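# Structural overview for review
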Amino acid sequence: MSTADKDGGSAGSPTVLRMLLGSQLRKLREAKGVTREKAGWEIRSSESKISRMELGRVGFKERDVADLLTLYGVDDDQERASLLALAREANTPGWWHKHSDVLPNWFQAYLGLEATATIIRNYEVQYIPGLLQTADYARGVILLGHNLAPTDEIESRVKLRMARQQVLNRPDAPRFWGLLDEAALRRPIGGRAVMRDQILHLLELAKLPNITLQVIPFEAGGHAAAGGAFSILRFQDQELPDVVYMEQLTSALYLDKREDVDHYAAAMERLCVEALQPADTIRFLERFLDEAYPVTSP
């Protein structure tokens, strides 16, 4: 894997590299029959620290990785060098680091996953998905939660969101599958002119080969994911499990246990069936645009 040098693109984000290295260390430990407690003692730490390392939830000190490799009997110079290089790369700040002044720690992990995912499936209830927002619409959404923030902070947050969107324009761009409740289209964030431009933007994005959109109309009634928005991310490396992401007001929930992921994946599949199919969604958006946000005479 290699890291990217521009906003929004990364073939190997630090978040995912930590997950990969942690997975490798767990396999080596289990193959050697070493307990987490013993491994923690070896690096002058605790069992819980080893658990967090193996889940990719913390950074890695090269000395700790080297000590663990010795404990696990990894004496091949090339294998050791490769894993130590992975540890160094996993500690490299992501492209979003320069926005850290407005970026909560709990969201940084998601940016790392998003930058490396090969498939992103997103269900939204209230808002247009962040990766598909126009700058004006994004500004309107951000102001809802940060209405007292100074203008430069608002603009920094908008810039961060626009930078994220570059992931969809990379040569190795992920496939984005968005399921959008009709309520998000009818909520006039930023005003009617902003919403009209936003829906026109959705229609343009829907033409891209890596983007699929489906609208869930009100007439579909209740549906499988009435509980709230969520995303499912899948990665090319088979070592990494799918991850379910759900954002809250001041934190986020990340699920990667098979039973949890399967539950949300089944809900996503049902939503795809209940929603308008992609071609029908485009026709719905075209009709809805003229009905809900018509061009007004000056």
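Residues numbered from 1 in each chain as written. Predicted model: local features only at pLDDT ≥ 70, side-chain atom pairs only at ≥ 80, totals over all residues. Heavy atoms only, no water.

The name given to the chain in an unreviewed UniProt entry is Transcriptional regulator with XRE-family HTH domain, and the organism recorded there is Catenuloplanes niger.

Moving on, we come to the pattern of salt bridges. The final tally for this structure, using the stated rule, is 17 salt bridges. One salt bridge connects Glu155 with Arg139, and the closest N-O pair in it is separated by 2.8 Å. One end of the pair, Glu155, is in helix α8 (residues 151-164); the other, Arg139, is in helix α7 (residues 135-145), and 16 residues separate them in sequence. What makes Glu155 partly exposed here is its relative accessible area of 31%. By relative accessible area, Arg139 is classed as partly exposed at 23%. Residue Glu182 pairs with Arg186 through a salt bridge whose shortest N-O separation is 2.7 Å. Residue Glu182 and its partner Arg186 are located together in helix α9 (residues 182-186), separated by four residues, close to a single helical turn. Residue classification places Glu182 among the buried positions, given a relative accessible area of 5%. Residues joined by salt bridges that share partners form a network here, namely Arg29, Arg36 and Glu54. (Salt bridge = Lys/Arg side-chain N within 4 Å of Asp/Glu carboxyl O. Helix = DSSP H or I, 4+ residues; strand = E, 2+ residues; numbered from the N terminus. Buried < 20%, exposed > 50% of the residue type's maximum accessible area, 1.4 Å probe, protein only.)

Counting through the fold element by element, Leu17 comes out in helix α1 (residues 14-32). Accessibility expressed as a relative area gives 1% for Leu17, which makes it buried.

Two elements in contact, α1 and helix α6 (residues 105-116), have axes whose closest approach is 7 Å; the angle formed by their N-to-C orientations is 85°. Relative to α6, the element α1 lies roughly perpendicular. Packed against α1, whose contacting residues are Thr15, Val16 and Met19, the element α6 presents Gln108, Ala109, Gly112, Leu113 and Thr116 at the interface. (Axes fitted to C-alpha atoms, helices over the stretch in contact; angles between N-to-C directions. Parallel < 35°, antiparallel > 145°, perpendicular 65-115°, else oblique. Contact = heavy atoms within 4.5 Å.)

On to the sheet that holds strand β1 (residues 119-124), then. Pairing is mixed in the open sheet, where six strands are placed in the order β3-β2-β1-β4-β5-β6. Of all strands in the sheet, those bounded by a partner on one side alone are β3 (211-216) and β6 (252-255). Neighbour-to-neighbour, the strand axes of the sheet open up by a mean angle of 15°, direction not taken into account. Where strand β4 (residues 230-234) and strand β5 (residues 243-247) come together, three bridges link them in antiparallel fashion. Bridge assignment links Ile232 to a residue of β5, and that residue is Val244. (Pairing = 2+ DSSP bridges.)

The next thing to look at is the UniProt feature "domain: HTH cro/C1-type" (unreviewed entry) in the chain. UniProt's feature table lists "domain: HTH cro/C1-type" (unreviewed entry) at residues 24-79, given in the numbering used throughout. Segment residues 24-79 splits into 66% helix and 0% strand. End C-alpha atoms: 11 Å apart. (UniProt positions renumbered as here; feature names shortened; annotations may be inferred.)

Tracing the backbone through its elements, the reader meets Thr134 in the loop between β1 and α7. Thr134 gets classed as buried once you look at its relative accessible area, which sits at 16%. Setting aside residues no more than four positions away along its own chain, Thr134 makes contact with Met162, Asp197, Gln198 and His201.

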